[in-house]
Amino acid sequence: MTHRKLEQHEIEKALNQLNTETSQDWTIEDEKLSKSFKFKNFQHAFGFMTMCAIYAEKQGHHPEWFNVYSTVKIQLTTHDVSGISHKDFDLAKQMETFASCV
Ligand SMILES: C[C@H](O)[C@H](O)[C@H]1CNC2=NC(N)=NC(=O)C2=N1
């Protein structure tokens, strides 16, 4: 797994690809890979967060997130490199999979 900080053009390319594969909702906000997920209710939101938490712990790569009821706002960055790395894009993809199965 690559740990280096991605260059601006690499971030744009990976973001395009992520949005092509998914819902087009990922953006760069505060220099972090960001998306606001909306679920049916709190139970679904928390189910999603539980799956993400188990995966994040396994990977040693954790999201910044903010939850109110059925909304989970995500911001991904890699502290080690002070920027966005492939780890953030991998976690984002995994989150899309989890969101689609709650
Ligand atoms: C030691 C531990 O693995 C590191 O501090 C991990 C923990 N979780 C992390 N999560 C995120 N998002 N970025 C990191 O750089 C990071 N580092």
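Everything below is about the structure printed above this text.
What you see is a predicted model; the values in this text were computed from it and never measured.

**Brief notes about the packing of helix H2 (residues 42–59) against helix H3 (residues 86–99)**
Point 1. As a packed pair, H2 and H3 sit with axes 10 Å apart at the nearest point and diverge in direction by 150°. Crossing hand, H2 versus H3: right-handed. Mapping the contact onto sequence places Phe 48, Met 51, Cys 52, Tyr 55 and Gln 59 in H2 and Lys 87, Leu 91, Gln 94, Met 95, Phe 98 and Ala 99 in H3.
Point 2. Across the contact of H2 with H3, the residue classes tally to eight nonpolar, two polar and one charged.

**Considering the site of the ligand**
Point 1. Taken together, Gly 60, His 61, His 62, Thr 77, Thr 78, His 79 and Asp 80 make up the full set of residues adjacent to the ligand.
Point 2. In this structure, His 62 approaches the ligand through a main-chain N or O atom, which is 2.8 Å from a nitrogen atom.
Point 3. A distance of 2.9 Å separates an oxygen atom of the ligand from a polar atom in the backbone of His 79.
Point 4. Alone, the ligand offers 390 Å² of accessible surface; in the complex the protein occludes 60% of this.

**A look at the pattern of salt bridges**
Point 1. Enumeration according to the criterion identifies five salt bridges in this entry.
Point 2. We note a salt bridge from Lys 32 to Glu 64, for which the minimum N-O separation is 2.9 Å. Here Glu 64 lies in strand S3 (residues 64–68) and Lys 32 lies in strand S2 (residues 32–38), a separation of 32 residues in the sequence.
Point 3. Taking the relative accessible area as the measure of exposure, Glu 64 reaches 30% and is therefore partly exposed.
Point 4. Lys 35 is the salt-bridge partner of Glu 96, the closest N and O atoms lying 2.7 Å from each other. Of this pair, Glu 96 sits in helix H3 while Lys 35 is found in strand S2, placing the two residues 61 residues apart along the sequence.
Point 5. Classification of Glu 96 by relative accessible area gives buried; the value is 15%.

**Here we look at the sheet that holds S2**
Point 1. Strand order in the open sheet formed by four strands is S1-S2-S4-S3, and the pairing between neighbours is antiparallel. At either margin of the open sheet sits one strand with a lone partner, and together these are strand S1 (27–29) and S3. Shown here is a sheet whose adjacent strand axes are inclined to one another by a mean of 30°, direction ignored.
Point 2. In this structure, S2 lies alongside strand S4 (residues 71–76), joined through six bridges in antiparallel fashion. Considered in S4, the bridge of Ser 36 is made with Lys 73.
Point 3. Across the sheet, H3 lies against S2 and S4, angled at about 5° from S2, the strand it touches most.

**Topic: H3**
Point 1. Look at H3: 20 Å from first C-alpha to last across 14 residues, which is about the 20 Å you get at 1.5 Å a residue.
Point 2. The complete set of buried residues in H3 reads Lys 87, Asp 88, Phe 89, Leu 91, Ala 92, Met 95, Glu 96 and Phe 98.
Point 3. Where the residues of H3 are buried, they touch helix H1 (8–21), S2, H2 and S4.

What counts, and where the lines are drawn
Residues numbered from 1 in each chain as written. Predicted model: local features only at pLDDT ≥ 70, side-chain atom pairs only at ≥ 80, totals over all residues. Heavy atoms only, no water. Axes fitted to C-alpha atoms, helices over the stretch in contact; angles between N-to-C directions. Helix = DSSP H or I, 4+ residues; strand = E, 2+ residues; numbered from the N terminus. Left-handed = near helix turned anticlockwise from the far one by under 90°. Contact = heavy atoms within 4.5 Å. Nonpolar A, V, L, I, M, F, W, Y, C, P; charged D, E, K, R; others polar. Near = heavy atom within 4 Å. Polar contact = N/O pair within 3.5 Å; in protein donor to acceptor, adjacent residues only side chain to side chain. Areas by Shrake-Rupley, 256 points an atom, 1.4 Å probe, with all protein chains shown as cover. Salt bridge = Lys/Arg side-chain N within 4 Å of Asp/Glu carboxyl O. Buried < 20%, exposed > 50% of the residue type's maximum accessible area, 1.4 Å probe, protein only. Pairing = 2+ DSSP bridges. Expected span 1.5 Å × (residues − 1).

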